[in-house]
Amino acid sequence: MLASAILSALILCVAILMHATHHATWRRASADASIPAYRRNYLRLQFQRRMAVCYILAALAAAIMIGHFIPRSIFFILFWGCVMLLILWMVVLALVDMMATRNLILVERDQQIARRRALEQQFGKRSAATQNPAQDSATEETHE
């Protein structure tokens, strides 16, 4: 029972620490007006997912402490089944967070590629304009 109390206290501390850091990150992100709308939407959804994980961790910490007082009957099985569903839901939220981060990275990569191509086209037009008069005069001299 002492080990489960220590474990639940550690899990609760992690949940509180995660809650505080995610709130601070969200406050900084929401105050920054230079963040594009798609990234702000991503950050908002990420904040919601991570807050849900914090609350699930706190519920798991409480469940570990309460679990010792549940009599060994059908309620015991139902209780720990619900705890397992909470853990599964937390894993699903983590997977969704990973996929959302991957999608954000892909969107930003595509935008970076588009910007680079636009700059390459712009530079190509300028360099072609500066090279063409020299090439035209060289070809005119050889034909004469």
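Here is what the cut-offs are and how they apply
Residues numbered from 1 in each chain as written. Predicted model: local features only at pLDDT ≥ 70, side-chain atom pairs only at ≥ 80, totals over all residues. Heavy atoms only, no water. Helix = DSSP H or I, 4+ residues; strand = E, 2+ residues; numbered from the N terminus. Buried < 20%, exposed > 50% of the residue type's maximum accessible area, 1.4 Å probe, protein only. Areas by Shrake-Rupley, 256 points an atom, 1.4 Å probe, with all protein chains shown as cover. Expected span 1.5 Å × (residues − 1). Contact = heavy atoms within 4.5 Å. Axes fitted to C-alpha atoms, helices over the stretch in contact; angles between N-to-C directions. Parallel < 35°, antiparallel > 145°, perpendicular 65-115°, else oblique. Left-handed = near helix turned anticlockwise from the far one by under 90°. Nonpolar A, V, L, I, M, F, W, Y, C, P; charged D, E, K, R; others polar. Salt bridge = Lys/Arg side-chain N within 4 Å of Asp/Glu carboxyl O.

Undergrad: Lay out the overall build of the protein chain with the relevant residues and their values.
TA: Assigned secondary structure in the protein chain consists of 3 helices and 0 strands. Each helix and strand of the protein chain, placed in order from N terminus to C terminus, yields the pattern α-α-α. Among the 144 residues that make up the protein chain, the fraction classed as buried is 21%. Accessible surface, the protein chain: about 10,600 Å² in total, of which carbon and sulfur atoms supply 69%.

Undergrad: Summarise helix α1 (residues 2-31); cite the residues concerned and give the values.
TA: Here α1 spans 44 Å end to end across 30 residues, near enough to the 44 Å set by a 1.5 Å rise per residue. Buried residues in α1 make contact with α2 (37-66).

Undergrad: Quick one: what's the story with the packing of α1 against α2, residue by residue and with numbers?
TA: Direction vectors running N to C along α1 and α2 enclose 165 degrees, while the axes themselves pass 8 Å from each other. When the axes of α1 and α2 are compared, the pair comes out roughly antiparallel. Helix-helix and strand crossings are classified by hand; for α1 and α2 the assignment is left-handed. Tallied by class, the residues present in the contact of α1 with α2 amount to 20 nonpolar, 6 polar and 3 charged.

Undergrad: Got a sec to walk through the pattern of salt bridges? Specific residues and values, please.
TA: Once their charged atoms are close, side chains differing in charge can pair, the charge on each being opposite to the other. Applying the stated criterion to the full structure yields 5 salt bridges. Ionic pairing is found between arginine 39 and glutamate 108, a salt bridge with its closest N-O pair at 2.8 Å. Taken as a pair, arginine 39 in helix α2 and glutamate 108 in helix α3 (residues 74-143) lie far apart in primary sequence, 69 residues in all. On the basis of relative accessibility, which here comes to 29%, the residue arginine 39 falls in the partly exposed class.

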